[in-house]
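Tertiary structure, described
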Number of protein chains: 2
Amino acid sequence: MTNYSSYPQFFVSVDCVIFGFQDNTLKVLTHQRPYDPGRGELSLIGGFVHRDESLEDAANRILKEFTGLDNVYMRQLAAFGEVERDPGERVISIVYYVLINYGDYDEELTKQHNANWINVDELPQLCFDHNKMVEKARKELGEDIKDTPVAGKLLPRYFTLTQLQTLFESIQGQQIDKRNFRRAILEKNYLSATDMIDKQMSRRGATLYEFTNN
Amino acid sequence: MTNYSSYPQFFVSVDCVIFGFQDNTLKVLTHQRPYDPGRGELSLIGGFVHRDESLEDAANRILKEFTGLDNVYMRQLAAFGEVERDPGERVISIVYYVLINYGDYDEELTKQHNANWINVDELPQLCFDHNKMVEKARKELGEDIKDTPVAGKLLPRYFTLTQLQTLFESIQGQQIDKRNFRRAILEKNYLSATDMIDKQMSRRGATLYEFTNN
DNA sequence: TCAAAAGTGTTAAGTTTACACCCATGA
DNA sequence: TCATGGGTGTAAACTTAACACTTTTGA
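Residues numbered from 1 in each chain as written. Chains lettered and ligands numbered in written order. Predicted model: local features only at pLDDT ≥ 70, side-chain atom pairs only at ≥ 80, totals over all residues. Heavy atoms only, no water.

**Some thoughts on the protein's contact with DNA strand D**
Put simply, the rule is: If a single non-hydrogen atom of a residue is within 4 Å of a molecule or strand, that residue counts as near it. Contacts described as polar in this section are N or O atom pairs within 3.5 Å, which, within protein, must combine one atom able to donate a hydrogen with one able to accept it, while residues neighboring in sequence count only if both atoms come from side chains. Put simply, DSSP marks the helices as runs of H or I at least four residues long and the strands as runs of E at least two long, and each gets a number from the N terminus on.
Close to DNA strand D lie 20 residues, the nearest being Lys178(A), Met201(A), Arg204(A), Asn180(B) and Arg204(B). The sugar and phosphate moieties of DNA strand D supply 34% of its atoms located within 4 Å of the protein. One of the side-chain nitrogen or oxygen atoms of Arg182(A) is found 3.2 Å away from a phosphate oxygen of DNA strand D. Interatomic distance of 3.4 Å between a side-chain N/O atom of Lys199(B) and a phosphate oxygen of DNA strand D. Mapped by element, the contributors of at least two residues to the surface near DNA strand D are α5 (178–187) and β8 (206–211) of chain A together with α5 (178–187) of chain B.

**What to know about the relation of the copies chain B and chain A**
The relation between the two chain copies is a rotation about an axis coupled with a shift along that axis. Convention followed: Residues below a pLDDT of 70 in either copy are left out; the C-alpha atoms of the rest, at least 70 in both, set the least-squares superposition of the copies. The contact rule is simple, with two residues in contact once any of their heavy atoms fall within 4.5 Å.
Overlay of chain B on chain A (RMSD 0.1 Å): rotation 180 degrees, translation along the axis 0.0 Å. One copy is carried onto the other by what is essentially a two-fold rotation axis. When the interface residues of chain B are mapped onto chain A, 100% of them are again interface residues, pointing to one common binding face.

**A few points about the interface of chain B and chain A**
Convention followed: Buried area counts how much accessible surface, traced with a 1.4 Å probe, disappears from two parts once they are put together, with both parts' losses summed. The rule for a salt bridge is simple: a side-chain nitrogen of Lys or Arg has to be within 4 Å of a carboxyl oxygen of Asp or Glu.
Between chain B and chain A, the residue contacts involve 35 residues of the former and 35 residues of the latter. Both faces combined, the contact of chain B with chain A buries some 3200 Å², and carbon together with sulfur accounts for 61% of it. On inspection of chain B and its partner chain A, the count reaches zero salt bridges. At the junction of chain B with chain A, the criterion picks out 14 residue pairs in polar contact (both at pLDDT 80 or more). Elements that contribute at least two residues to the side of chain B that touches chain A include exactly β1 (11–22), β4 (73–80) and β5 (91–99) of chain B. With four residues, β4(B) is the single largest residue contributor to the side of chain B that touches chain A.

**Re the domain arrangement of chain A**
All names here are of chain A. Convention followed: Domain start and end points were adopted from an automatic or database domain assignment.
Domain annotation for chain A reports domain 1 (11–149) and domain 2 (157–211). Placing the centre of domain 1 and that of domain 2 at their C-alpha centroids yields a distance of 27 Å. Across the contact, 11 residues belong to domain 1 and 11 residues belong to domain 2. Taking both sides of the interface into account, the surface hidden between domain 1 and domain 2 amounts to around 970 Å²; carbon and sulfur atoms contribute 67%. Taken as a group, Phe21, Ile145 and Pro149 account for 49% of the area that domain 1 buries against domain 2, more than any other trio of residues on that side.

**Here we look at the packing of aromatic side chains**
Formally: Two rings from Phe, Tyr or Trp (for Trp, the six-membered ring) form a pair when their centres are within 6.5 Å of each other. A pair whose planes differ by under 30 degrees is stacked, one over 60 is edge-to-face, and the rest are tilted. Categorising residues by exposure relies on relative accessible area from a 1.4 Å probe, with only protein chains included: less than 20% of the type maximum marks a residue as buried, more than 50% marks it as exposed, and the intermediate range marks it as partly exposed. Should the NZ of a Lys or the CZ of an Arg lie within 6 Å of a ring centre and within 35 degrees of the ring normal, that charge is described as sitting over the ring.
Counted according to the given criterion, the structure contains 22 aromatic pairs over all chains. Look at Phe159(A) and Phe211(A): their rings are 5.4 Å apart centre to centre, the planes differ by 40 degrees, and that puts the pair in the tilted class. Taken together, the residues Phe159(A) in the loop between α3 (130–147) and α4 (161–172) and Phe211(A) in strand β8 connect sequence positions 52 residues apart. By relative accessible area, Phe159(A) is classed as buried at 0%. Through a chain of ring-to-ring contacts, the aromatic side chains of Tyr4(A), Tyr7(A), Phe11(B) and Phe48(B) assemble into a single cluster. Geometry around Phe10(B) places Arg51(A) over its ring, the cationic atom sitting 5.3 Å from the centre.

What follows is the structure in structure tokens.
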């Protein structure tokens with residue numbers, strides 16, 4: 001028979017680095033921690049893992065609870081397990097990074113949770129080791145966006161190439177040449193042009209694209 | 001006051017995918033699981049996290065216990081947390097991949113633990129989700145070796161370029177052109193030639209190299 | 001003297017970067 | 001008609017890939 005009972009057990013939480021893109025800026029969803037320790041400090045969206053759910057299920061449940069969203073793109077980033085990372089009790093946290101289309105989340109829910117989007121480049125101090133989590137997630141996202149079509153997860157279904165380029169620029173933190181960007185991204189064949197034109201940004205109007213095999 | 005006490009707690013283990021390179025083959029250290037569930041099945045080297053140690057400390061402790069080695073190169077790979085991954089109890093496992101020089105480990109210790117090196121390409125079924133762990137670790141190692149000097153961790157201090165190339169080939173699973181390989185690896189400037197010659201493999205002898213800033 | 005592994009350069013193909021002007025439109 | 005963002009091609013630099021012969025030496 002199994003007998004692990006001489007070993008210690010731990011609280012296990014899931015923290016989500018939820019990225020959104022708005023006003024040409026990469027943002028992270030945070031909220032004010034509603035309980036001690038660290039009550040009132042800024043925190044990533046997280047919660048404890050339940051007995052009957054996998055880590056990924058937990059992340060999905062928490063995400064749904066805070067944003068109303070289902071079926072969201074997420075990837076596990078790392079486990080954070082320093083002994084004193086949570087000054088209250090020993091908690092081991094599994095971190096996911098999550099990409100959502102800014103337009104999709106349920107504003108009522110985020111309000112209820114005191115959740116707010118903060119520019120990634122202007123993050124204040126977050127509780128515990130959450131700043132490290134964001135930093136790591138951002139680095140990872142910067143890699144992933146280069147060779148997988150994840151950028152689409154941060155945009156509405158239809159978008160212009162200029163929007164997409166701005167997204168890349170804000171994730172990578174550097175300017176990109178317009179012609180080179182367009183050639184490169186179109187060559188990858190994840191995009192298809194629609195016959196719609198977006199006139200929000202220019203008199204001339206820009207072709208709207210969408211990701212195929214999203 | 002902190003009060004997490006309404007949340008469940010979990011056993012947390014660390015599993016190590018320990019890679020070694022011998023006979024021109026990439027190998028993984030496994031052992032026979034000494035307790036139920038899965039007693040006698042092949043398992044990665046692992047153990048439970050203790051209360052007062054970080055995840056990385058746990059990995060180091062376990063590594064020392066099985067191989068006698070300290071200060072070993074390791075990186076966290078992922079957390080595995082499916083509800084039923086361990087058929088005995090719910091256990092969340094944090095996986096590290098570890099690179100050691102095959103010549104360095106303590107053979108007495110590995111014997112005591114029934115540990116054995118197995119060719120990565122011929123792994124039989126391991127217990128639980130351990131095959132997945134190895135697969136993921138191998139993929140990761142394949143990436144890391146391309147742009148960081150981690151290959152050195154799998155080799156003795158002094159080695160020939162042919163040995164190094166064979167190591168790359170066995171990690172990447174494909175042949176590499178000798179001239180291109182040598183040029184590329186030397187350009188990276190992690191290696192320095194010694195004035196020693198290795199005559200094990202050829203009459204002529206091959207220059208021994210070492211990694212700088214190991 | 002020969003078998004076996006070590007060592008060594010060049011060319012072509014492909015990829016990445018840098019760079020500047022015309023287009024279409026609504027106000 | 002003009003201001004604004006949309007759209008387009010080419011050449012140079014660099015990187016990667018393909019390829020074959022000579023060297024050294026111990027048996």
